[in-house]
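# Structure assessment
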Protein chains: 2
Amino acid sequence: MTDFRANGSDTAQTAIGFLRTTSLSSLVQEEIVRMILSGELDAGAQVKEFAISDRLGVGRSSVREAFRALEEAGLVRLEKNRGVFVREIGDDEAEEMYAVRAGLDELAGRLLAPRITAAEIDELRRHVDELEAWLAPDAFATYFPLNLRFHDRIVEMTGNRKLLVVYRRLINEMHLLRRRGLLRGGGLLVSNDEHRSIVDALASRDADTAAAAMRDHVRSGRDRMLAAVDTATPRSAA
Amino acid sequence: MTDFRANGSDTAQTAIGFLRTTSLSSLVQEEIVRMILSGELDAGAQVKEFAISDRLGVGRSSVREAFRALEEAGLVRLEKNRGVFVREIGDDEAEEMYAVRAGLDELAGRLLAPRITAAEIDELRRHVDELEAWLAPDAFATYFPLNLRFHDRIVEMTGNRKLLVVYRRLINEMHLLRRRGLLRGGGLLVSNDEHRSIVDALASRDADTAAAAMRDHVRSGRDRMLAAVDTATPRSAA
DNA sequence: ACCGGCCGTATTGTTGACAATCGTCAATCA
DNA sequence: TGATTGACGATTGTCAACAATACGGCCGGT
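This is a predicted model, so every value here is computed, not measured. (Residues numbered from 1 in each chain as written. Chains lettered and ligands numbered in written order. Predicted model: local features only at pLDDT ≥ 70, side-chain atom pairs only at ≥ 80, totals over all residues. Heavy atoms only, no water.)

### Some points on the overall build of chain A
When helices and strands are counted, chain A shows 11 helices and three strands. Counting only residues that meet the buried cut, chain A has 47% of its 238 residues in that class. Contacts in chain A between residues far apart in sequence, at least 24 positions, make up 71% of those at least 6 positions apart. (Helix = DSSP H or I, 4+ residues; strand = E, 2+ residues; numbered from the N terminus. Buried < 20%, exposed > 50% of the residue type's maximum accessible area, 1.4 Å probe, protein only. Contact = heavy atoms within 4.5 Å.)

Have a look at this one:
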């Protein structure tokens, strides 16, 4: 017990920090987010307070607090006296979100281009190469999070933490697209060429070029989504 | 009771809808937001659960739920076992927020320009005229919300509700700038010329022109804020 | 067979009580 | 005198109980 600082301190430090900062509600919140993003809870499904509180062994208060935060985050919808439901995002709202995301991505490109380092360019290039390796049509499960990470990393590199928060919140919500296929089809079946153009544009260190590359990328993703919508719903009237 | 629909129905409808949708926590949440935005609670101040629950005559749970939502909205900061504090936004974060807002405003201009109607252009012009009337240096209290409303209305006119939600959340947070003067000096002491340019750009119905006008406006607001910061803090070192 | 009202169950809304933690202040000791 | 420890008050974290509401089935009437 003499040199407890050698290896024990670290875990103790993290444990202390954990207890000091983490409340039950925030843990519950993270768990529910995990369940939603992993698909364990589908969009539109009802989430009962007791089911969660019982499963996690906590009181209902903590669950209710988590629900309130999740509603503000846009992941669930609270109907008074009826319950909480995982939010569904219809086609029209999805289109709106694509537009906002395009604006955020454009901003990210504009901010990052003048300040990107050579090391960061290398990192992004390696990322694109890795994506290339998983382009096989049956490798969605791997390609999908890797693609998200690519775009997230670009926003992260801007150094603008507020932008990162807003961006991540939006991406989280976009997981709730009523038909997930649209998200994947829209953002995913993209040939990797666009990703390479993005990195090239960033490497040019010209803000306008990078901004345009980002915007075009998201816009073409939106177009692919809309095409998927059109083929899926034959639009009876209007 | 025969024609109860004539005047009774409306109030009954709204009352019913109110009861069906409004929970205590959401009322508490709105009240706290009002207190924060009105300055009744300054940035950095501690907000005690019992003080609120006692004042509003509700249980602490409702207040706690409201706090959780407000934290997710970025208006308060929760420190476990210590309390909730109205969030303070430092100069660096303020600069980040200005950048994000510039991106959102640019997007709004880009979306609105191609679809703006003649009536909407008229409305904005009248708005600018009204702003002009309150440009006196001692009319901040009137000019300030009017200016906010002008920009809010532009975003609203885009018809993109998601953008409106994201935009409003950001504006709400920007009220928490540590020194409010920065927000006012940054976004307010602007000569009305820039506002006229914005409307003119929108009236041209050219997306790129409108986007640039919006972006430049926010950027010059940011520059004014930074200038105010520099004069206020003589930056001792580095 | 169908419609409307009644009732029981399940779930949520709200409150109050209890436990845990933090900050402060005074008392003690070097 | 200064620092450290202990106890106290205040505040928050969590839980369990009670009240209110909504959903579904049953029943009687037509």
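### Some words on the protein's contact with DNA strand D
Of all residues adjacent to DNA strand D, which total 18 residues, the nearest are A:Leu24, A:Gly59, A:Ser61, A:Arg82 and B:Arg64. Of what DNA strand D places within 4 Å of the protein, 73% of the atoms are sugar or phosphate. Between a phosphate oxygen of DNA strand D and a side-chain N or O atom of A:Arg82, the distance comes to 2.6 Å. One of the backbone N or O atoms of B:Glu49 is found 3.4 Å from a phosphate oxygen in DNA strand D. Looking at which element gives the most residues to the surface near DNA strand D, the answer is helix H4 (residues 60-72) of chain A, with three residues. (Near = heavy atom within 4 Å. Polar contact = N/O pair within 3.5 Å; in protein donor to acceptor, adjacent residues only side chain to side chain.)

### As for the relation of the copies chain B and chain A
Rotating chain B by 180° and moving it 0.0 Å along the rotation axis overlays it on chain A with an RMSD of 0.1 Å. Such a combination of turn and shift is consistent with a two-fold rotation axis. The overlap is high: 100% of the interface residues of chain B also sit at the interface in chain A, so the same surface is used on both sides. (Least-squares fit on C-alpha atoms with pLDDT ≥ 70 in both.)

### Some points on the interface of chain B and chain A
The parts lose accessible area when they come together, and the size of an interface is often stated as this lost area. Taken together, the contact pairs 37 residues of chain B with 37 residues of chain A. When chain B packs against chain A, the two sides together hide about 3100 Å² of surface, and 48% of this comes from carbon and sulfur. Where chain B packs against chain A, one counts 14 salt bridges. A salt bridge links A:Arg110 to B:Glu106; the shortest N-O distance between them is 3.6 Å. Counting the contacts that link chain B with chain A gives 20 residue pairs in polar contact (both at pLDDT 80 or more). (Buried area = accessible area lost by both parts, 1.4 Å probe. Salt bridge = Lys/Arg side-chain N within 4 Å of Asp/Glu carboxyl O.)

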